[in-house]
Amino acid sequence: MTEENKNSGLDKEEEYIINIGPQHPSTHGVLRLVVSLKGEIVKSVEPHCGYIHRGIEKMCEKLTYPQIIHLTDRLDYLSAHINNEAVCLCVEKALEIEVPERVKYIRAILSELTRIQSHELWWCSFGMDMGATTCYFYGLRDREKVLDIFEETCGGRMIVSYNTPGGLMNDIHPNFQKRVKEFLKHFRKKLPEYDQLLTGNVIMQERTKNIGIISREDAISYGVTGPSGRGSGFSCDVRKHHPYGIYDKVDFVEPLYKTGDTFSRYKVRMDEMWESMKIIEQLIDNIPEGDYCAKMKPVIKLPEGEYYQRVEAARGELGVYINSRGDKYPYRLKLRSPSLSNLSALNLLASGFKIADLIAIGGSLDYVIPDIDR
Amino acid sequence: MPFNIYDFTSFTQWIDKSLYDSLSPLWAMIWEMTIIGVAFLLFYAVIGLFLVYAERKVCAFMQCRIGPNRVGPYGIIQTIADLFKLLMKELIPIKNADKFLFNLAPFIVIITTFLAIAAIPFAKGLHAIDFNIGIFYILAVSSMSVIGVLLAGWSSNNKYSLIGAMRSGAQIVSYELSVGLSLITIIVLAGSMQLSTIVEAQADGWFIFKGHIPAIIAFIIYLIAATAETNRGPFDLAEAESELTAGYHTEYSGIKFAFFYLAEFINMFIVASIAATVFWGGWMPFHIGGWEAFNNIMDYIPPFIWFFGKTFFIIFIIMWFKWTFPRLRIDQLLTLEWKYLLPINLFNVLLMAFIVLMGWHF
Amino acid sequence: MENSQLKERILSLVPEAEIVETKQYLNAIIPKEKLHFLAKSLREAEDTSFDYLFCLTGLDLMDSLEVIYHIESTKYHHCIVLKTSTTDRENPILDSVTDIWHTADYHEREVFDFFGIKFNNHPDMRKLFLDETRIEGFPFRKDYVDEINIVER
């Protein structure tokens, strides 16, 4: 049965409707934004999603738990490792298994490396959307080093699938610690270059300060988490409030800014890269010896009940809800996607600003479309 | 055949004389114009090819990569390959577009650049049109390119092109004021609008040094305004690929797109050569008044090398802007012009006039 | 607030609620008419102030369709789970909580898209992801059959 589309209010006479996407260099994926303009001012933005909907949640109802890990890589492919970790933690919580300390350390180091490379790619595309195309190459040059580390240890650059319920699929490569330390040394020198190129630039500041302001109450109400929420002063870091893994033992700061505009969201992500490096430095030399995986049964069956796990992905809070009926497939698996909630605030943020600002705001919210559409 | 690379006047006089001696005056004039026209067309094409290649290489080196290096040694033949590709592309006719204006627009843009390039002094004696209102002529002719841009956007029957053309039109018309006023500052210093007089007057020092403070301010403003005039660098909102696909030339394909593209580069060459002529001495070598030995060494380098060297250096600076800075938004662009550059410019003209009256220049 | 205090508060507002304590969160099963009232009170009361809805899930139990709300307070950091269900599978209708938490806007559209549950007072009740010219029906229901696109093992 079909539903009639309600008049979404965009087809008024004086308004000029343009379509940004689905094929467009700036929407970072296949997203269609129907924008209603009056001159240069945006009156309303309506996102149309679903171009890359693959039915991951429905597929998971017929897959075993180790098989589900391979699907989670493809959600928000820039935080692949963190997505894997989320499902693994949920399963381990349900089975009440304690993973070895070694696993916790390695998972945290890889998660922070994932966060760094995700923010680097965000920086590249943000600069490019604003017109400074050189940023794209500088960020990618450094991101390649992280991807090389992933490739050596996990076997894949972007799609890692290194976690498994109970621990890791295989032990780390002997070169891992050395390469991570080299990367940290190299990146500490390069990150100030990023600031010199883009952050301090007057043109960039004029285009991002006081653009797209969201207050703290609105951020909480719309569910805008992650760096986008922290730019408005919403302290939502899951690693701090509901720690998992080794995060209660590491020392790091959650960057919070009060203004809530595009520039503060930008600054939060730059600061997060420094904080991630701090976390890695505390962990990299102290990886304890031990097993890389706890003893698990060959067929994993979760006891009957509902389980929820929250992790801090690069974009915000990722939630995994598993409803199990006692057999080897989940009865229902729901993934709470950070990008969908961030996108829902786009209309509020962009109304009243110009088209050029819409691009900047979309870039600062940093949504990844496969995460929205799942 | 007298060919002196330091002074082309003898060469051009020899061609002129031999033509008028051997043919009737009418035919001699026609042949002479044909020769000059063909020479300019060739020069235009070669400069266009070279600039496109240079842009790609400069851009690549700034972005930590190499740029074209497969087609020919060091990728020199890349632009020719691109040209062939563009020539072979289908010219897609738009259904509801105004056909006459749609086809006319690229030609207007090309013709205005062609007219402007004829008035530039390349070296002593290599100066095709030497009006006594040289600078005024160049400004007037290059202002006509905005007609081509607006026609292109309007006749494409496309919302994006229209938005892009409107933005571009507003931008070009605004920044012409700044370009004109900064050139007027130097005309005040030089006392004449004729380009050859301006260049000759810099024989003992370039205007940017002679006119110290107001000339430097005028140069900086000219550089900013000229980048905005040619829709380049941080002012390329009209063709911002990440926002509106391609702005006013979205619907053009094949050779017509090649015309817009080429015209943009030649425009860049024209504004850079005007800057080099008016502020940096044109084809005059770098002389310091009083240091005869130094001046003799500087004189050893032929004038056209000086001219092209200066022009390409300014082109390099313009390209540097484009690949480093993010884009300005349209209202910030117009605010910059009307609220900041225009008052500074007006004040600068007054300052220069005052300095000339008092005789406080070198 | 502790779980016991929250349990008392919920029972005082909605006596028909069924409270289940799991290892993780306190679950409260609420009849569908009272959900909006309870949610609003929980949000507005000073000592509970549940202002952050972090997950809205649809679930197909074979005889009923359920919607699960995970809410948290950013002030006190306590979380509970509210559940409500409807047994009407032909025309399921529940109350929308968009006026309380704006994030429910897109999530309720997603639940409508996949399960067919309509929400009263929703500002824009349309499908979010699926294209109705190609997919008829509600794919996440357990009785959904599609021979062409779904391959059963």
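Since the structure is predicted, the reported quantities are computational estimates derived from the model, not experimental observations.

(A) Inspection of the overall build of chain C at higher detail. Along chain C, the regular secondary structure elements total three helices and seven strands. Counting helices and strands in the order they occur from the N terminus, chain C gives α-β-β-α-β-β-β-β-α-β. Here chain C has a C-alpha radius of gyration of 17 Å; the compact-globule value for 153 residues is 15 Å, and the two agree. Judged by the C-alpha coordinates and their principal axes, chain C covers about 50 × 30 × 25 Å.

(B) Spotlight on the interface of chain C and chain A. Contact with chain C, which involves 29 residues of that partner, is made by 31 residues of chain A. Among the secondary structure elements, those contributing two or more residues to the side of chain C that touches chain A are β3 (52-61) and α3 (104-115) of chain C. The element that contributes the greatest number of residues to the side of chain C that touches chain A is β3(C), accounting for six residues. For the side of chain C that touches chain A, the class distribution of residues is 13 nonpolar, eight polar and eight charged.

(C) Summary view of the sheet that holds strand β8 (residues 332-336) of chain A. Residues and elements named next belong to chain A. In space, the three strands of this open sheet follow the order β6-β7-β8, with antiparallel pairing throughout. Both edges of this open sheet fall to β6 (305-312) and β8, since each of them pairs with a single strand only. Along the sheet, successive strands turn relative to each other by an average axial angle of 10°, direction set aside. Judged from the eight bridges that link them, β6 and strand β7 (residues 317-324) form a sheet pairing that is antiparallel. Looking at β7, one finds that Tyr 308 is bridged to Tyr 321. The sheet contacts of helix α3 (residues 80-95) involve β6 and β7, and relative to β6 the element is tilted by about 145°.

(D) Representation of the interface of chain B and chain A. Tallying the contact residues gives 19 residues for chain B and 23 residues for chain A. Broken down by secondary-structure element, the contributors of at least two residues to the side of chain B that touches chain A are α11 (241-244), α14 (303-324) and α15 (330-358) of chain B. The dominant element in the side of chain B that touches chain A, judged by the number of residues it contributes, is α11(B), at three residues. Its residues assigned to classes, the side of chain B that touches chain A shows nine nonpolar, four polar and six charged.

(E) Geometry of the pairing of strand β1 (residues 18-21) of chain C. All names here are of chain C. When β1 meets strand β2 (residues 26-29), the two strands line up antiparallel, connected through four bridges. The residue of β2 that forms the bridge with Ile 19 is Ala 28. Connecting β1 to the next strand, β2, in antiparallel fashion are four residues.

(F) Structural context of the pairing of strand β4 (residues 64-72) of chain C. Residue and element names in this part refer to chain C. Burial analysis of β4 places seven of its nine residues in the buried class, the great majority of the element. Of the strand pairs in this sheet, β3 and β4 are connected by nine bridges, and their pairing is antiparallel. Pairing of Cys 55 across the sheet is with His 70, part of β4. Following β3, the chain reverses through two residues before pairing antiparallel with β4. Examined bridge by bridge, β4 and strand β5 (residues 79-86) share eight bridges and lie antiparallel to one another. From the neighbouring strand, Val 67 faces β5, where its bridge partner is Thr 84. Hairpin connection, β4 to β5: the antiparallel pair is bridged by six residues, and His 77 has positive phi, about 60°.

(G) Region of the structure containing the packing of helix α4 (residues 99-117) of chain B against helix α12 (residues 255-280) of chain B. Residue and element names in this part refer to chain B. In contact at an axis separation of 9 Å, α4 and α12 are set at 25° when each is read in the N-to-C sense. When the axis of α4 is compared with that of α12, the two are roughly parallel. Both α4 and α12 take part in a crossing whose hand is left-handed. Listed contacts from α12 to Pro 106, Val 109, Ile 110, Thr 113, Ala 116 and Ile 117 of α4 are Lys 256, Phe 259, Phe 260, Ala 263, Ile 266, Asn 267 and Ile 270. Along the lines of polarity and charge, the residues of the contact of α4 with α12 split into ten nonpolar, two polar and one charged.

(H) Broad picture of the environment of B:Gly67. All names here are of chain B. Looking at where Gly 67 falls in the secondary structure, it is placed in the loop between α2 (25-62) and α3 (78-88). With 267 residues separating them along the chain, Gly 67 and Leu 334 place their C-alpha atoms 34 Å apart. With residues near it in sequence (within four places) discarded, Gly 67 still touches Arg 56, Lys 57, Ala 60, Phe 61 and Gly 75.

(I) Representation of the environment of B:Gly309. All names here are of chain B. Residue position: Gly 309 is located in helix α14. Of the residues examined, Gly 309 has 13 C-beta atoms within 10 Å and is grouped as partly exposed. Spatially, the C-alpha atoms of Gly 309 and Trp 283 are 9.4 Å apart, while their sequence positions differ by 26 residues.

(J) Expanded view of the sheet that holds strand β1 (residues 16-20) of chain A. Residues and elements named next belong to chain A. Here we have three strands laid out as an open sheet, ordered β1-β2-β3, and antiparallel in their pairing. Looking along the sheet, the strands with just one partner apiece sit at the ends: β1 and β3 (41-48). Shown here is a sheet whose adjacent strand axes are inclined to one another by a mean of 25°, direction ignored. For strand β2 (residues 32-38) and β3, the ladder comprises seven bridges, and the chain directions are antiparallel. By the bridge assignment, Lys 38 is partnered in β3 with Ile 41.

(K) Seen up close, the packing of helix α4 (residues 101-130) of chain A against helix α14 (residues 355-365) of chain A. Residue and element names in this part refer to chain A. Their axes nearest at 10 Å, the elements α4 and α14 cross at an angle of 180°. One finds that α4 runs roughly antiparallel with respect to α14. In contact with Ser 125, Phe 126, Asp 129 and Met 130 of α4, α14 contributes Ile 359, Ala 360, Gly 363 and Ser 364. Its residues assigned to classes, the contact of α4 with α14 comprises four nonpolar, three polar and one charged.

How each quantity is defined
- Residues numbered from 1 in each chain as written.
- Chains lettered and ligands numbered in written order.
- Predicted model: local features only at pLDDT ≥ 70, side-chain atom pairs only at ≥ 80, totals over all residues.
- Helix = DSSP H or I, 4+ residues; strand = E, 2+ residues; numbered from the N terminus.
- Rg over C-alpha atoms; globule rule 2.2 N^0.38 Å.
- Contact = placed C-beta atoms within 7 Å.
- Nonpolar A, V, L, I, M, F, W, Y, C, P; charged D, E, K, R; others polar.
- Pairing = 2+ DSSP bridges.
- Axes fitted to C-alpha atoms, helices over the stretch in contact; angles between N-to-C directions.
- Buried ≥ 20, exposed ≤ 12 C-beta atoms within 10 Å, placed from the backbone.
- Parallel < 35°, antiparallel > 145°, perpendicular 65-115°, else oblique.
- Left-handed = near helix turned anticlockwise from the far one by under 90°.

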